[in-house]
Amino acid sequence: MRRFILLVASLAAAAPLSLFVLTPAAAASSCVYEVAPPFPANLWIRSGPGTQYERVGAAGYGETVEGSCGGRGTWMRVWTGDAEGWAYGPYLEQVFY
């Protein structure tokens, strides 16, 4: 068991960091969403999952964005041509997966 742990640790140390970081382009599963808040407005894209994070972009009402496939009751990772960040899941309606 100890040899196995040492082997895994040495392989992880030798691997480039990019193998462990998922970027939107490398994400295994992404979905397309339509911006659909309960009223016609822009959806803020933020630097983190919450309103306390800085705004890094916006998506217009009815516009489509690509994002991680996940639950709608949470903040979701999204990306557009202009911005990458987090958007409030209940304001996104999945159109393609």
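What comes next concerns the included structure.

## Quick notes on the overall build of the chain
Thinking step 1. For the chain, the helix and strand inventory stands at one helix and seven strands.
Thinking step 2. Shown N-terminal to C-terminal, the secondary structure of the chain runs as helices and strands in the order α-β-β-β-β-β-β-β.
Thinking step 3. Counting all 97 residues of the chain, 24% fall into the buried class.

## What to know about the environment of Y53
Thinking step 1. Position of Y53 relative to the elements: it lies in the loop between strand 2 (43–46) and strand 3 (55–59).
Thinking step 2. Judged by relative accessible area, which is 35%, Y53 ranks as partly exposed.
Thinking step 3. In this structure the C-alpha to C-alpha distance between Y53 and W86, which are 33 residues apart in sequence, comes to 9.3 Å.
Thinking step 4. If we skip the residues at most four places from it in the chain, Y53 touches R46, S47 and G48.

## Let's talk about the state of the cysteines
Cysteine pairs can be linked by a disulfide, which is a covalent bond between their two sulfur atoms.
Thinking step 1. One pass over the structure, following the stated rule, counts one disulfide.
Thinking step 2. Here C31 engages in a disulfide with C69; their sulfurs sit 1.8 Å apart. Here C31 and C69 share a disulfide; its torsion about the S-S bond, 105 degrees, makes the bridge right-handed. Remark: C69 occurs in the loop between strand 4 (64–68) and strand 5 (75–79) and C31 occurs in strand 1 (residues 30–35); sequence separation between them is 38 residues.

## Regarding the environment of W44
Thinking step 1. Residue position: W44 is located in strand 2.
Thinking step 2. As for W44 and G85, which are separated by 41 residues in sequence, their C-alpha atoms are 9.4 Å apart.
Thinking step 3. When neighbours within four sequence positions are excluded, W44 is seen to be in contact with R55, G57, A58, W86 and A87.

Here is what the cut-offs are and how they apply
Residues numbered from 1 in each chain as written. Predicted model: local features only at pLDDT ≥ 70, side-chain atom pairs only at ≥ 80, totals over all residues. Heavy atoms only, no water. Helix = DSSP H or I, 4+ residues; strand = E, 2+ residues; numbered from the N terminus. Buried < 20%, exposed > 50% of the residue type's maximum accessible area, 1.4 Å probe, protein only. Contact = heavy atoms within 4.5 Å. Disulfide = S-S within 2.5 Å.

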